[in-house]
Amino acid sequence: ALPISFDAAFNEVDGNLFVVGCGDGVKLYSMEALNRDMARPLAMNLEHASEVSTIAWNSTVHNLFASASWDSTLKVYDAQNISKSTVTFASHSREVMDAAWCPRSPTLLASASGDGFVRVFDTRTGRDAIVIPSAHSNKIVMSVGWNYYQPTVLGTSGVDHTAKIWDIRKTQQCMIPLVGHKGPVRRIRFSPHSASRVLTSGYDFRVCLWDIGQPRPLQLNYDHHREFVVGVDWSLVSPNDVATASWDGTASFFTLGQQVRPSPPLPILMPLTPPPKVRQMANSAVAGMGMRPPPLPPIPVR
């Protein structure tokens, strides 16, 4: 059986390169090398002892990416040679659920873990730079994300039904609690177009838009999914376009403030199989053809 894939991420500079986090490790692929049958990775790393939950490319040092695993560790790699990781962080005591590089400080890597801790690691020292213990009431922290415009502002979400906004210089208490979900909050993502807009998705089947610059942060609430909403993200091109993914088997693409319309059903596609091999005849009339064409019928004689 093939190993399960849990996450994938494209390189932001070379659109052909992407990394997949699998049940058996980390694998680097090239779109140019993909073929119709089983695509082989360009390279792989099998150092993790358990499933890889998250892949995160560094948005400033474009050859670096990180992986987070259920084996409680995070690893950093140079894409030019991923056979051996360059740094391993092993401070967590349980599975690492999510990881994110700081957009403004390329050596800082934040992580969310089942041990209830949020940690910010520094690749220069190989150690924790910042620790937020009991970030979500000693419960699992499910997601972490950075503000694109304020490099000390970090967002987290957890199974305590909340998301939180932190200033990493003052971690004794969160800056802004985001309370509105009725179940664990699986994802938190800051807008790349605004310093104050935040998206969250949760196990209450909902997607929420927040504005942390407003007295009442909750702005919009979507409940178009029928199962856990495990993914949410912003378009890098259109400020109000977002995408969501759910265990109900659907992904949605819509514009904030507008009604979510279901996508038309896709036609059933046949599985891709290699083309059949055709035996080449020695007396083939044309190179590449399998046999001579049938002879023309005789011209009738009048």
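Model, not experiment: these values are computed from the prediction.

Definitions and cut-offs
Residues numbered from 1 in each chain as written. Predicted model: local features only at pLDDT ≥ 70, side-chain atom pairs only at ≥ 80, totals over all residues. Heavy atoms only, no water. Helix = DSSP H or I, 4+ residues; strand = E, 2+ residues; numbered from the N terminus. Buried < 20%, exposed > 50% of the residue type's maximum accessible area, 1.4 Å probe, protein only. Contact = heavy atoms within 4.5 Å. Areas by Shrake-Rupley, 256 points an atom, 1.4 Å probe, with all protein chains shown as cover. Phe/Tyr/Trp six-rings, centres within 6.5 Å; stacked < 30°, edge-to-face > 60°. Core = buried A, V, L, I, M, F, W, Y, C linked by side-chain atoms within 4.5 Å. pLDDT = per-residue confidence, 0-100.

Participant: I'm lost on the overall build of the protein in this one. Help?
Facilitator: When you go through the protein residue by residue, the secondary structure sums to zero helices and 23 strands. Burial analysis of the protein (302 residues in total) assigns 45% to the buried set. Contacts spanning at least 24 positions in sequence make up 39% of the contacts within the protein whose residues lie at least 6 apart. Taken as a whole, the protein presents about 17,000 Å² of accessible surface, with 57% of it coming from carbon and sulfur.

Participant: In this structure, what is going on with the packing of aromatic side chains? I would like to understand it.
Facilitator: Each aromatic ring pair is specified by the distance between its two centres and by the angle formed by the two planes. Throughout the structure, instances matching the rule amount to eleven aromatic pairs. Geometrically, the ring pair formed by Phe18 and Tyr29 is stacked, given 5.5 Å between the ring centres and 15° between the ring planes. Of this pair, Phe18 sits in strand 2 (residues 17–22) while Tyr29 sits in strand 3 (residues 25–30), placing them eleven residues apart in sequence. On the basis of relative accessibility, which here comes to 12%, the residue Phe18 falls in the buried class. An angle of 50° between the planes, with centres 5.0 Å apart, marks the rings of Trp57 and Phe65 as tilted. Accessibility expressed as a relative area gives 0% for Phe65, which makes it buried. Clustering of aromatic rings is evident, with ring pairs tying together Tyr203, Phe205, Phe228 and Trp247.

Participant: Would you explain the environment of Val144 in this entry?
Facilitator: Relative to the helices and strands, Val144 is located in strand 13 (residues 141–146). Look at Val144 and you get buried, because its relative accessible area is 0%. Along the backbone, Val144 and Ser113 are 31 residues apart, and their C-alpha atoms lie at a distance of 9.5 Å. Those residues in contact with Val144 that sit more than four places away from it in its chain are Asp98, Ala99, Ala100, Ala110, Ser111, Ala112, Leu154, Gly155, Thr156, Ile188 and Arg189.

Participant: Just to check I follow, could you spell out the nonpolar core for this structure?
Facilitator: In summary, soluble globular proteins display a tendency toward joint burial of nonpolar side chains. Judged by nonpolar contacts, the single largest core of 17 residues is most densely connected at Val120, Trp146 and Leu154. Of all the secondary structure elements, the ones that give two or more residues to this core are strand 10 (108–113), strand 11 (118–122), strand 12 (127–132) and strand 13.

Participant: Which parts of the structure should I look at to understand unusual backbone geometry?
Facilitator: What is expected of a backbone is that most residues other than glycine have negative phi and most peptide bonds are trans. In this structure, His161 takes a positive phi of about 75° despite not being glycine. Position of His161 relative to the elements: it lies in the loop between strand 14 (153–158) and strand 15 (162–167). Within the chain, Phe205 stands out as a residue other than glycine whose phi angle is a positive 70°. With respect to the helices and strands, the residue Phe205 is situated in the loop between strand 18 (197–202) and strand 19 (207–211).

Participant: Looking at this structure, how should I read the confidence of the model for the protein?
Facilitator: Low-confidence regions, as indicated by low pLDDT, have predicted coordinates that should not be scrutinised in detail. Chain-level statistics for the protein give a pLDDT mean of 88 and a share of 84% at 70 or above. Segment residues 274–302: pLDDT under 50, and twelve contacts once partners within four positions in sequence are set aside and those in other chains are kept.

Participant: How do you make sense of the environment of Asp24 when you look at a structure like this?
Facilitator: Mapped onto the fold, Asp24 is located in the loop between strand 2 and strand 3. Considered as a pair, Asp24 and Met44 are 20 residues apart in the sequence and their alpha carbons are 9.7 Å apart. Apart from residues no more than four positions distant in its own chain, Asp24 is found in contact with Pro3, Asn45 and Leu46.

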